[in-house]
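# Understanding the architecture of this molecule
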Amino acid sequence: MPNKTIKSLSQLPKSQSTAKERSQTRKIFGTDGVRGVANIEPVTAETALKLGRAAAHVITQLGNNQQPGHRAKIVIGKDTRLSGYMLENALASGIMSLGVDVILIGPLPTPGVAYITRSLRADAGIVLSASHNPYEDNGIKFFRHDGYKLDDEIERRIEGLVFSGEIESIRPTASKIGQAKRIDDALGRYVEFAKRSFPRGATLEGMRIVVDCANGASYKSTPCILRELGANAVVVHDTPNGRNINKDCGSTYPQEIQRVMKETGAQVGITHDGDADRALLCDENGEIVDGDEIMAIAAIDFLKNKRLVKETLVATVMSNFGLDEAIKDAGGQVVRTQVGDRYVIAEMMKNELNLGGEQSGHMIFGDYTTTGDGIVSALQILRIMMETGKPLSELKKCLSKYPQAQRNLMVRQKIPVKELRGVSALVAETEKELAGHGRVLLRYSGTEPKIRLLIEGRDAERINAQADKIAELIQSQIGAE
C-alpha cells in the first residue's frame, strides 16, 4: 500500500493540546466525517468555516512537507449536491483565513479526491459528500496528505479547535492570506489513475456494460473510464441537477440497474452511490452481486495468483459467514473488523494487507487505492471475467451465503440498546435458538438516525420471524414518527 506514515497528535508540541480542548465534550465527527442535514448544525456554513480554520491550523502544524518556502495547500472536492456550493465556499474561506491555499477541483468521486490530494502533493484533502444519503444531507470528510482518511486523534484535535476558540487570534494579513484556484485536469488525472488498475494492453472491447451513476460524482468519470478501455457503456442517471442524487437510482436503489440490465441485455451492470466510493454489480441475469460476492471473487482470484498478502481478506462483522467458508476453502482466511471502511483500511494498514471491503460495496484494493473506489473495484471483476471467460453469474457461485434478515429502522433517539425494555433478552433468546449456527448484530448507524439489525442463520423463515419481533419491540420504544 502507499506510504502510510504521518505524525500523530501525540507528536505535536505539548502546548497545542490544551486543558480546554481535552475537557471539550461536544462532538461533530461521526464514523465518516461530519454529516447531517445541510444548513442545520453541524453541516452549516458557519461550522464549515470553523472546520476549515481548525483543519488548516492542525494540518500545517503536522508539517508533512518540510521543504523550505513550502506553502500549505488543501484540496477540496465534492459530489453533486446543491449544498456543495455553500459548504465549499465556507470551507475555502476558513482555510484561506489561516494562510493556507485551496485547490478546488469540483465534482469528483471521493477516491478521486484522495488521489488528487496525493498527486498534487497537497497537505490534505476534503470531500463534501453524504455518500448514499438523499440530497438534503451533506457531509465533510478529510484525507491526509497520502490519501488516507484522517486518524481519529487528529479529527478530535480539529473538533476541539472548532469549539474552543483557541485559534481566534490567528489572523494572517496581506500576502500571508491563502488563495484559491481551480484546476481543470482533475477529472483527466483520475481517469488515467483508475485505468492503470486494469492490465496494460487489455481491453473491454465487445463487452456491453450498464452504468448507473446515481446522478452523483461519477457521472463523468466512470463512463469515460469504461469507454476509453473499449467497453460499450450504456449510461443512466448521469444528469445531476443538485437535487436528484441517489433518488430512485444508484446502489441504494438496485431495482433500477436490474431494470436497465433486463432491457439492454448487457453482460454486466455497475451501480454507484453518490460519491462513487462503492459499487454493486448486476449479473447478466439481472441479479445483484453485493460486496461479499465481489470480495469472494477477487480474493479467490488473488489467492490463485498468489497476490493476496498473507492469504488474508479483511471484512466487517456484517459480511456473510459464507465468505469465511469460501475463502478458507480456497486456502485463505478472513479477518473481521467493526462496521465502516475506515476500520477495514486501518486493519489493512496495521498488518500490511492488500484487500478488504464491506458487504455494502466499499472495496479497498490496496495495491491501487487508499480508500474505497467503486470503479477500481468494478474493473477488477471485469478483468477476472475477461481472463476466465466466465460470466458474472458463474463467478459469484464461489460464495454460498447463509440466509440473512436485515432491518433498518428510523429512530427518534439513540438510547443504549441495553436500556431498551426487553430487547437484550429477545436478542439473547434468538442467539440461543441459533445454537452457534448464526448470529445477531444490533447497532446504531454512525451516519444516520437509524438502528440496524442483522440476523444470520440457516432457516430463513425463522430468522425473519425473529427479526420482525425484535424490530417491532424497538419500534414501539424509539421508532421515528
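Before going into details, it helps to say that this report is about the structure given with it. (Residues numbered from 1 in each chain as written. Predicted model: local features only at pLDDT ≥ 70, side-chain atom pairs only at ≥ 80, totals over all residues. Heavy atoms only, no water.)

What follows covers the overall build of the protein chain. Along the backbone of the protein chain there are 15 helices and 18 strands. Against the globule reference of 23 Å for 481 residues, the protein chain gives a C-alpha radius of gyration of 23 Å, in line with a compact fold. Taken over 481 residues, the protein chain has a buried fraction of 58%. For the protein chain, the accessible surface area stands at approximately 20000 Å², while carbon and sulfur atoms represent 48% of it. Side-chain charges in the protein chain split into 63 positive and 61 negative, and the spacing between the mean points of these groups amounts to 5 Å. (Helix = DSSP H or I, 4+ residues; strand = E, 2+ residues; numbered from the N terminus. Rg over C-alpha atoms; globule rule 2.2 N^0.38 Å. Buried < 20%, exposed > 50% of the residue type's maximum accessible area, 1.4 Å probe, protein only. Areas by Shrake-Rupley, 256 points an atom, 1.4 Å probe, with all protein chains shown as cover. Lys, Arg positive; Asp, Glu negative; His and termini not counted. Charge placed at Lys NZ, Arg CZ, Asp CG, Glu CD.)

Looking now at the nonpolar core. Counting 65 residues, the largest nonpolar core has Leu204, Ile209, Leu226 and Leu382 as the members making the most contacts within it. By residue number, the principal contributor to this core is helix H9 (residues 291-304), which donates 9 residues. Counting residues in hydrophobic clusters, the runner-up holds 36 residues, among them Val58, Val102, Ile140 and Ile167. (Core = buried A, V, L, I, M, F, W, Y, C linked by side-chain atoms within 4.5 Å.)

So, on to the packing of aromatic side chains. Describing an aromatic ring pair means giving the distance of the ring centres and the angle of the ring planes. Inspection of every chain in the model, using the stated rule, returns 5 aromatic pairs. Measuring from centroid to centroid gives 5.9 Å for Phe29 and Phe142, while their planes differ by 55 degrees, and the two rings are tilted. Here the residue Phe29 occupies a position in the loop between helix H1 (19-22) and strand E1 (34-37), and Phe142 occupies one in strand E5 (residues 137-143), the gap between them amounting to 113 residues. By relative accessible area, which is 2% here, Phe142 ends up buried. Between the aromatic rings of Phe302 and Phe365, the centroid separation amounts to 6.1 Å while the plane-to-plane angle is 70 degrees, which identifies the pairing as edge-to-face. With a gap of 63 residues between them, Phe302 in helix H9 and Phe365 in strand E15 (residues 363-365) connect regions that are remote in the sequence. Look at Phe302 and you get buried, because its relative accessible area is 1%. In this structure Phe365 comes out as buried when scored by relative accessible area, which is 1%. Among the aromatic residues, those joined into a cluster by ring pairs are Tyr115, Tyr190 and Phe193. (Phe/Tyr/Trp six-rings, centres within 6.5 Å; stacked < 30°, edge-to-face > 60°.)

Listing the buried residues of helix H11 (residues 341-351) in full gives Asp341, Arg342, Val344, Ile345, Glu347, Met348 and Met349. Of the surrounding elements, those touching the buried residues of H11 are helix H5 (152-164), strand E12 (312-316), strand E13 (333-337), strand E14 (355-357) and E15. Backbone geometry just after H11 places Glu352 at a positive phi near 55 degrees. (Contact = heavy atoms within 4.5 Å.)

Size it by volume and the largest pocket reaches roughly 1300 Å³. In terms of lining residues, the largest pocket is bounded by 44 residues, among which His132, Arg278, Ser360, Asn408 and Arg452 are the most central. For the lining of the largest pocket, the element with the most residues is strand E16 (residues 404-410), which contributes 3 residues. Each residue belonging to the lining of the largest pocket can be placed in one class, and the counts come to 11 nonpolar, 19 polar and 14 charged. (1 Å grid on protein atoms, 1.4 Å probe; cavity = no way out; pocket = protein on both sides within 12 Å on 5 of 7 lines; lining within 4 Å. Points joined across faces, edges and corners; volume = space filled by probe spheres on them. Nonpolar A, V, L, I, M, F, W, Y, C, P; charged D, E, K, R; others polar.)

For the rest of this paragraph, the subject is the pattern of salt bridges. Per the counting criterion, the structure on display carries 36 salt bridges. For Arg157, the salt bridge goes to Glu166, with nearest N and O atoms at 3.9 Å. A salt bridge links Lys396 to Asp283; the nearest nitrogen and oxygen atoms lie 3.0 Å apart. Of this pair, Lys396 sits in the loop between helix H13 (392-395) and E16 while Asp283 sits in the loop between strand E10 (279-282) and strand E11 (288-289), and the two are 113 residues apart along the sequence. (Salt bridge = Lys/Arg side-chain N within 4 Å of Asp/Glu carboxyl O.)

Attention shifts here to the sheet that holds E11. Reading across from one edge, E8-E7-E9-E10-E11 is the order of the 5 strands in this open sheet, with mixed pairing throughout. At either margin of the open sheet sits one strand with a lone partner, and together these are strand E8 (232-236) and E11. Pairing analysis gives 4 bridges linking strand E7 (residues 208-212) to strand E9 (residues 268-272), with the strands arranged parallel. When the bridges of E9 are listed, Asp212 appears paired with Thr271. Contacts from helix H8 (residues 255-264) reach E7, E8, E9, E10 and E11 within the one sheet, and its direction differs from that of E7 by about 150 degrees. The strands touched by helix H12 (residues 374-388) are E7, E9 and E10; relative to E9, the strand with the most contacts, the crossing angle is about 165 degrees. (Pairing = 2+ DSSP bridges. Axes fitted to C-alpha atoms, helices over the stretch in contact; angles between N-to-C directions.)

Right, let's get into the state of the cysteines. In protein structure, a disulfide is the covalent linkage between the sulfur atoms of two cysteines. Scanning all chains against the criterion turns up 0 disulfides. Here Cys213 is not disulfide-linked; the sulfur of Cys249 is the nearest cysteine sulfur, at 9.3 Å. (Disulfide = S-S within 2.5 Å.)

This paragraph deals with the packing of helix H6 (residues 186-195) against helix H7 (residues 221-228). Remark: H6 packs on H7, axes separated minimally by 10 Å, with the N-to-C direction vectors making an angle of 50 degrees. Here H6 lies oblique to H7, going by the angle between them. Here the hand of the crossing between H6 and H7 comes out right-handed. For the pair H6 and H7, the contacting residues are Leu187, Tyr190, Val191, Glu192, Ala194 and Lys195 in the first and Ser221, Cys224, Ile225 and Glu228 in the second. Here the contact of H6 with H7 is built from residues that sort into 6 nonpolar, 1 polar and 3 charged. (Parallel < 35°, antiparallel > 145°, perpendicular 65-115°, else oblique. Left-handed = near helix turned anticlockwise from the far one by under 90°.)

This brings us to unusual backbone geometry. Looking along the chain, the bond that leaves Glu41 and enters Pro42 is cis, with omega of 10 degrees. As for its position among the elements, Pro42 is in the loop between E1 and helix H2 (45-62). Phi at Ser131 takes a positive value of approximately 55 degrees, unusual for a residue other than glycine. Positive phi, normally seen in glycine, also occurs at His237, with a value near 55 degrees. Since its relative accessible area comes to 24%, His237 is described here as partly exposed.

The values reported here are purely geometric and, on their own, carry no functional implication.
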